[in-house]
Amino acid sequence: MNGTQHANPRPGSGSDSGPGSVIVVGSGPTGLLLAGDLATAGIPVTLVEKRPRRISNLSRAFVLHARTLEQFDARALADDVEAVGRPLDRLRLFGRLSVDLADLPSRFRHLLVLPQYEVEKVLERRAVAAGVEFRHETETTGVRQDPAQDTVTVEVRGPGGKTETLRAAYVVGADGMHSTVREAVGLPFPGRSAIRSVVLADVRLAEQPETLLSVNAVGDAFAFLAPFGDGYHRVIGWHRGRNVPDSEPLHLDEVKEITRRALGRDFGMHDPRWLSRFHSDERQVPAYRVGRVFLAGDAAHVHTPAGGQGMNTGLQDAANLSWKLAAVLHGHAGSGLLDTYQSERHPVGRSVLRSSGGIVRLAMAKRPWTLALRAALTTVLGHVGPLRRRATGHITGVGFRYPAPRGSHRLTGTRVPDVALAGGGRLYEALRGGRFVLITPHAPTPDASTAPAPDAEAYGAAAGREDRLAVAHWASGRRTTLLVRPDGYVAWAEEEAEAARTEAALDAHVG
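Procedures and definitions
- Residues numbered from 1 in each chain as written.
- Predicted model: local features only at pLDDT ≥ 70, side-chain atom pairs only at ≥ 80, totals over all residues.
- Heavy atoms only, no water.
- Pairing = 2+ DSSP bridges.
- Helix = DSSP H or I, 4+ residues; strand = E, 2+ residues; numbered from the N terminus.
- Axes fitted to C-alpha atoms, helices over the stretch in contact; angles between N-to-C directions.
- Salt bridge = Lys/Arg side-chain N within 4 Å of Asp/Glu carboxyl O.
- Buried < 20%, exposed > 50% of the residue type's maximum accessible area, 1.4 Å probe, protein only.
- Contact = heavy atoms within 4.5 Å.
- Parallel < 35°, antiparallel > 145°, perpendicular 65-115°, else oblique.
- Left-handed = near helix turned anticlockwise from the far one by under 90°.
- Nonpolar A, V, L, I, M, F, W, Y, C, P; charged D, E, K, R; others polar.
- Polar contact = N/O pair within 3.5 Å; in protein donor to acceptor, adjacent residues only side chain to side chain.

Visitor: Any chance you could break down the sheet that holds strand β13 (residues 163-168) for me, citing the residues and the numbers?
Guide: Taking strand neighbours across the sheet as the criterion, the three strands line up as β11-β12-β13 in an open arrangement whose pairing is antiparallel. The outermost strands of the open sheet, each flanked by one partner alone, are β11 (139-146) and β13. Here the strands of the sheet are splayed against their neighbours by 20° on average, with no regard to which way each runs. Relative to β13, strand β12 (residues 151-157) runs antiparallel, the two being bridged by six bridges. Bridging across to β13, Val 156 finds its partner in Glu 164.

And the structure:
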């Protein structure tokens with residue numbers, strides 16, 4: 001397997017750094033984002049990865065959606081991935097059904113096509129700079145919780161077979177579908193194989209496709225084609241009549257035949273550097289948390305690649321969990337905050353599993369009633385604006401909202417777009433550093449667009465919150481006071497809020 005070597009990471013705080021540390025198992029995109037967030041927040045982090053120290057140029061994921069790009073923007077990483085990716089303002093699902101992103105309520109009105117390994121490079125550079133301690137070629141062999149000591153023990157086997165014990169306050173398993181952490185805490189992974197004998201190939205093309213992403217299903221065949229950017233293309237294909245074990249040898253002729261059936265031609269595929277088969281499962285753990293152990297990404301949920309939501313969902317898991325762990329470990333929140341990871345992210349994972357599976361089933365429809373349903377859905381989504389916007393929000397991630405307490409403001413739990421702030425700033429710049437952002441109306445002044453709010457100092461520095469709270473003001477005349485969480489969702493909101501009410505909300509959410 002080809003790979004890109006990179007510099008040795010700067011060591012972090014050590015393997016047994018006490019009650020305020022976290023061990024992350026798995027250095028894919030989910031683990032890297034989570035570890036980088038925690039280290040940036042000043043939490044000692046050890047990242048354990050059984051693979052050698054290199055980033056493979058063989059990837060399955062190829063798309064970053066708008067919500068993920070927003071999260072990268074909140075970490076000053078969006079420009080880095082935009083520089084190496086290629087934007088696409090329409091996502092074709094199958095046949096005539098496509099998702100138009102031009103009207104998306106986001107700064108990023110497109111999806112970004114780039115291989116997973118490019119995402120990992122960006123996230124790893126950040127994690128290294130933040131001081132994450134990397135343990136490559138180190139396999140996790142066991143996880144044991146010690147409630148009396150408020151710690152988790154992780155047994156590992158490093159290079160040369162050397163065994164070692166690592167301890168931390170919390171452990172996050174981001175170690176993929178075959179998660180050792182999930183198995184160690186005894187969680188089942190119920191579900192089924194949705195598609196068997198999917199073929200995968202990395203090839204050169206003699207003829208370039210007309211579109212950046214090519215995807216279609218015709219009859220019994222489905223194919224997807226995406227560029228790596230290095231002269232190779234990834235091909236993923238499936239044929240209903242070819243149901244063989246994953247171990248069955250795969251030849252380029254079979255990949256060509258499936259592609260011709262689904263896309264009309266094989267684009268002169270040649271020089272494959274990788275050929276394999278795999279099966280696509282639909283599975284989800286019943287609990288994302290067991291005591292001091294959490295699961296994220298493919299360790300918690302796997303589904304079909306339809307819609308390109310897999311890597312994105314895992315990255316959103318990490319963005320949701322990281323600030324909560326940091327708040328608890330710094331003593332700014334009680335441990336009950338960590339329970340909201342389950343209540344917020346498990347329903348999203350379930351929803352993505354259902355929608356991606358539904359896309360695949362409709363794409364491969366064969367019976368008359370499923371063909372009729374597909375045709376009706378294509379028509380409805382093409383002509384009914386609210387349904388189209390809901391589907392687009394779901395696939396891109398910008399449409400999800402989290403549960404809110406009864407009686408909360410209608411905005412509580414919703415994602416906040418990148419709103420303009422007074423002085424020329426914007427929200428996702430203010431979120432950088434993992435802080436909450438309090439957006440308040442201006443006090444009436446002759447020049448409300450530039451006047452400072454008199455309560456900014458009182459809410460922030462004077463209250464000892466300057467390290468975790470930024471106070472900003474609407475660029476407009478809006479009168480809502482909004483407290484935005486570090487992951488860009490509304491923690492609390494109120495119209496014409498009094499100072500005492502705002503201070504109480506800050507105490508409750510920011511500490």
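Still more ground to cover, so stick around.
Visitor: Before we move on, can you summarise the pattern of salt bridges with the specific residues and values?
Guide: Tallying each qualifying case throughout the model produces 40 salt bridges. For the salt bridge of Arg 479 with Glu 496, the shortest nitrogen-to-oxygen distance reads 3.7 Å. Of this pair, Arg 479 sits in the loop between β24 (469-473) and β25 (480-484) while Glu 496 sits in the loop between β26 (490-495) and α13 (499-509), and the two are 17 residues apart along the sequence. Since its relative accessible area comes to 34%, Arg 479 is described here as partly exposed. The exposure class of Glu 496 is exposed, given its relative accessible area of 52%.

Visitor: Any details on helix α2 (residues 66-73)? Residues and values, ideally.
Guide: With eight of eight residues buried, α2 is to be regarded as a mostly interior element. Taken residue by residue, α2 has Ala 66, Arg 67, Thr 68, Leu 69, Glu 70, Gln 71, Phe 72 and Asp 73 as its buried positions.

Visitor: Give me the lowdown on the sheet that holds strand β21 (residues 293-295), citing residues and values where you can.
Guide: Pairing is mixed across the open sheet formed by six strands, whose spatial order is β10-β3-β2-β14-β21-β20. In this open sheet, the two strands that pair with only one neighbour each are β10 (133-135) and β20 (289-290). Both β20 and β21 contribute to a ladder of two bridges, which runs antiparallel. By the bridge assignment for β21, Arg 289 is matched with Phe 294. Here helix α1 (residues 29-40) sits on the sheet in contact with β2 (22-25), β3 (45-48), β10 and β14 (170-173), set at roughly 165° to β3. Packing against the sheet, helix α7 (residues 310-329) makes contact with β2, β14 and β21, and its axis sits at approximately 175° to β14.

Visitor: Before we move on, could you go through the packing of α1 against α7 and cite the residues and values that matter?
Guide: Angle between the axes and distance between the axes: these two values describe a pair of packed helices. α7 packs onto α1 with a crossing angle of 25° between their chain directions and a minimal axis gap of 8 Å. Here α7 runs roughly parallel to α1, going by the angle between their axes. Relative to α7, the crossing made by α1 is right-handed. Where α1 abuts α7, its residues Pro 29, Thr 30, Leu 33, Leu 34, Asp 37 and Leu 38 lie against Met 311, Gly 314, Leu 315, Ala 318, Ala 319, Leu 321, Ser 322, Leu 325 and Ala 326. Here the contact of α1 with α7 is composed, by residue class, of 11 nonpolar, three polar and one charged.

Visitor: Describe the environment of His 136, naming the residues involved and giving the relevant values.
Guide: In this fold, His 136 is placed in the loop between β10 and β11. Under the relative-accessibility criterion, His 136 is labelled buried at 10%. On a C-alpha basis, the gap between His 136 and Glu 49 in space is 4.8 Å, while along the polypeptide they are 87 residues apart. When sequence neighbours within four positions are dropped, the list of residues in contact with His 136 reads Glu 49, Arg 51, Pro 52, Arg 53 and Pro 159. There is a polar contact of 3.4 Å between the side chain of His 136 and the side chain of Arg 53.

Visitor: Give a description of the pairing of strand β19 (residues 270-284) that names residues and reports values.
Guide: Here strand β15 (residues 191-204) pairs with β19 via 10 bridges, running antiparallel. Note that in β19 the partner of Ala 201 across the bridge is Leu 275.

Visitor: Report on unusual backbone geometry, specifying residues and quantitative values.
Guide: With a phi close to 55°, Asp 150 is a non-glycine residue in the positive phi region. Among the secondary structure elements, Asp 150 is positioned in the loop between β11 and β12. Overall, Asp 150 belongs to the partly exposed group, its relative accessible area being 40%. A positive phi angle, close to 55°, is found at Ser 197, a residue other than glycine. Taking relative accessible area as the criterion, Ser 197 reaches 2% and is therefore assigned buried.

Visitor: With reference to specific residues and values, describe the pairing of β12.
Guide: Most of β12 sits inside the fold, with five of its seven residues counted as buried. Across seven bridges, β11 lies against β12 in antiparallel orientation. The residue bridging Gly 142 from the neighbouring strand is Glu 155, located in β12. Between the antiparallel neighbours β11 and β12 lie four residues, among them Asp 150 with a positive phi of about 55°. Linking two consecutive strands that pair antiparallel, namely β12 and β13, is a turn of five residues; a positive phi of about 75° is found at Gly 160 within it.

Take it as geometry only, folks, not as evidence of what the structure does.
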